[in-house]
Amino acid sequence: MELLFVILAGLIMGGVARYLFPLRDTHGVVLMPAVGAITSAVIWEVLTWLGWAWNDGWIWVVTLVVTALVVGITAPVLGRVRRDHDRAQLTMLLSRKARA
């Protein structure tokens, strides 16, 4: 049951990050919530496998903080990389068209 709450928190963090950071038009609507959900689930499971108790506060703190960091770093970096790649692709295509 706790895993469900953790995944929901990751989805919410990803959804907030989508609208908090610029360049959201460079990726899909579901990508950042999916990154948040997957990150929170993986972190929770790893900590559980390491023996952290589900009812201990630290597993929640670590899971949510790491998820927030991953989503907070991924959203702006992904936007910049996609924008730069799209510009390079457009330049290449336009230069091919001009040569033809």
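It should be emphasised that the depicted structure is a prediction, and the values quoted were computed from it without experimental measurement.

**Student:** Explain empty space enclosed by the protein residue by residue, including any values.
**Tutor:** In this structure the tally under the stated criterion is 1 cavity of 30 Å³ or more. The space that makes up the largest cavity amounts to roughly 30 Å³. Listing elements by their share of the lining of the largest cavity, those giving two or more residues are α1 (2-20) and α3 (57-99). Across the lining of the largest cavity, the residue classes break down as 7 nonpolar, 1 polar and 2 charged.

**Student:** Report on the environment of Ala 17, specifying residues and quantitative values.
**Tutor:** Counting through the fold element by element, Ala 17 comes out in helix α1. Remark: the alpha-carbon pair of Ala 17 and Val 30, spanning 13 residues in sequence, is separated by 11 Å. When near neighbours in sequence (up to four residues on either side) are disregarded, Ala 17 contacts Val 71 and Ala 75.

**Student:** Can you lay out the nonpolar core for me, pointing to particular residues and giving the numbers?
**Tutor:** Ranked by size, the top nonpolar core spans 5 residues in total: Ala 17, Met 32, Val 35, Val 71 and Ala 75. Other than its neighbours up to four places away in sequence, Ala 75 contacts Ala 17, Phe 21, His 27 and Met 32.

**Student:** Could you give me a rundown of α1, with the residues and numbers involved?
**Tutor:** With 19 residues, α1 extends 27 Å from end C-alpha to end C-alpha; this agrees with the ideal 27 Å at 1.5 Å per step. Buried within α1 are the following residues: Val 6, Gly 10, Gly 14, Ala 17 and Arg 18. Angular distribution of buried residues about the axis of α1 spans 120 degrees; they occupy a single face of the element. Along α1, exposed side chains directed more than 90 degrees from the buried face belong to Leu 4, Ile 12, Tyr 19 and Leu 20. Next to the buried residues of α1 lie α2 (31-49) and α3.

**Student:** Lay out the side chain of Ser 40 in plain terms, naming residues and giving numbers.
**Tutor:** Along the polypeptide, Ser 40 turns up in helix α2. A polar atom in the side chain of Ser 40 sits 3.1 Å from the backbone oxygen of Val 6.

**Student:** I'd like to hear about the side chain of His 27, residue by residue, with values.
**Tutor:** Tracing the backbone shows His 27 in the loop between α1 and α2. Apart from residues lying up to four places away in sequence, His 27 is in contact with Arg 18, Met 32, Ala 75 and Leu 78.

**Student:** So what's going on with α3? Residues and values would help.
**Tutor:** In this model, α3 (43 residues) spans 63 Å end to end at C-alpha, consistent with the 63 Å of a helix rising 1.5 Å per residue. Of the surrounding secondary structure, the elements contacted by the buried residues of α3 are α1 and α2.

**Student:** Please give an account of the packing of α1 against α2 that cites residues and values.
**Tutor:** Taken N-terminus to C-terminus, the directions of α1 and α2 make an angle of 145 degrees; their axes are 7 Å apart at the nearest point. Crossing hand, α1 versus α2: right-handed. Side by side, α1 and α2 meet where Glu 2, Leu 3, Val 6, Ile 7, Gly 10, Leu 11, Gly 14, Gly 15 and Arg 18 of the first sit next to Met 32, Pro 33, Gly 36, Ala 37, Ser 40, Ala 41, Trp 44 and Glu 45 of the second. Residues of the contact of α1 with α2, tallied by class, amount to 9 nonpolar, 5 polar and 3 charged.

Reading the values: rules and limits
- Residues numbered from 1 in each chain as written.
- Predicted model: local features only at pLDDT ≥ 70, side-chain atom pairs only at ≥ 80, totals over all residues.
- Heavy atoms only, no water.
- 1 Å grid on protein atoms, 1.4 Å probe; cavity = no way out; pocket = protein on both sides within 12 Å on 5 of 7 lines; lining within 4 Å.
- Points joined across faces, edges and corners; volume = space filled by probe spheres on them.
- Helix = DSSP H or I, 4+ residues; strand = E, 2+ residues; numbered from the N terminus.
- Nonpolar A, V, L, I, M, F, W, Y, C, P; charged D, E, K, R; others polar.
- Contact = heavy atoms within 4.5 Å.
- Core = buried A, V, L, I, M, F, W, Y, C linked by side-chain atoms within 4.5 Å.
- Buried < 20%, exposed > 50% of the residue type's maximum accessible area, 1.4 Å probe, protein only.
- Expected span 1.5 Å × (residues − 1).
- Arc of directions from axis to C-beta.
- Polar contact = N/O pair within 3.5 Å; in protein donor to acceptor, adjacent residues only side chain to side chain.
- Axes fitted to C-alpha atoms, helices over the stretch in contact; angles between N-to-C directions.
- Left-handed = near helix turned anticlockwise from the far one by under 90°.

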